[in-house]
Amino acid sequence: MSVVGKVLLGILGVAVLAGVGLWSGIRHVAGDISSHMITAAQFKGVHDGESRDAVRDRLGEPGGLQPQDKPEPPAGTTCDYYLQKGVILEKKRTFQICYRDGKVAATKALPSAEDEAAQDKGKSTESAKP
């Protein structure tokens, strides 16, 4: 095999390894995100006064991702966030579960991207009226 052939074979090998590494990383991140997703029915099953441990035992640990425009949590609370499972990306809602002293104090389903786009469209239509 010529020197050029060996170099090309080496480059091909490096490209294949890089591709496999990239694919593995993407699968890991996607798997991590999906493990922190819940259904709307699971979210509706969370009740005020329920302990944080009971909620996390049932729903799993919350994800590390948080919404960019998250609302201010109620005073004196800390919140967990879960993405909605089983719907397309534009319709995914983020579920906020806030705790005070280790007990559920408030829950809120944040608007999806589709909901926000509809709200923005409605505002721009209203402001365009004479």
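Use the structure listed above.
Residues numbered from 1 in each chain as written. Predicted model: local features only at pLDDT ≥ 70, side-chain atom pairs only at ≥ 80, totals over all residues. Heavy atoms only, no water.

Chemist: How do you make sense of the pattern of salt bridges when you look at a structure like this?
Modeler: Pairing between side chains becomes possible if they bear opposite charge and their charged atoms approach one another. Under the criterion given, the structure shown has four salt bridges. In this structure, Arg56 engages Glu61 in a salt bridge whose closest nitrogen and oxygen atoms are separated by 3.7 Å. With relative accessibility at 47%, the residue Glu61 sits in the partly exposed group. In this structure, the salt-bridge partner of Lys91 is Glu114, at a minimum N-O distance of 3.1 Å. (Salt bridge = Lys/Arg side-chain N within 4 Å of Asp/Glu carboxyl O. Buried < 20%, exposed > 50% of the residue type's maximum accessible area, 1.4 Å probe, protein only.)

Chemist: Looking at this structure, I do not really get the packing of aromatic side chains. What am I missing?
Modeler: One pair of aromatic rings is described through two measures. These are the centre distance and the angle between the planes. Evaluated as defined, the whole model comprises one aromatic pair. Considering the side-chain rings of Phe43 and Phe95, the 4.4 Å spacing of their centres and the 15 degrees angle between planes classify their relative orientation as stacked. Taken together, the positions of Phe43 in helix H2 (residues 40-44) and Phe95 in strand S3 (residues 94-100) put the pair 52 residues apart, joining distant regions of the chain. With relative accessibility at 11%, the residue Phe43 sits in the buried group. Across the ring face of Tyr99, the terminal group of Arg52 is positioned such that the distance to the ring centre comes to 4.3 Å. (Phe/Tyr/Trp six-rings, centres within 6.5 Å; stacked < 30°, edge-to-face > 60°. Helix = DSSP H or I, 4+ residues; strand = E, 2+ residues; numbered from the N terminus. Lys NZ or Arg CZ within 6 Å of the ring centre and 35° of its normal.)

Chemist: Sorry if this is basic, but what is going on with the state of the cysteines here?
Modeler: A covalent bond between the sulfur atoms of two cysteines is what we call a disulfide. Summed over the entire model, instances satisfying the criterion amount to one disulfide. A sulfur-sulfur separation of 2.1 Å characterises the disulfide bridge that pairs Cys79 with Cys98. On the S-S bond that ties Cys79 to Cys98, the torsion sits near 95 degrees, and the link is right-handed. Within this pair, whereas Cys79 is found in strand S2 (residues 78-84), its partner Cys98 is found in strand S3, the two being separated by 19 residues in sequence. (Disulfide = S-S within 2.5 Å.)

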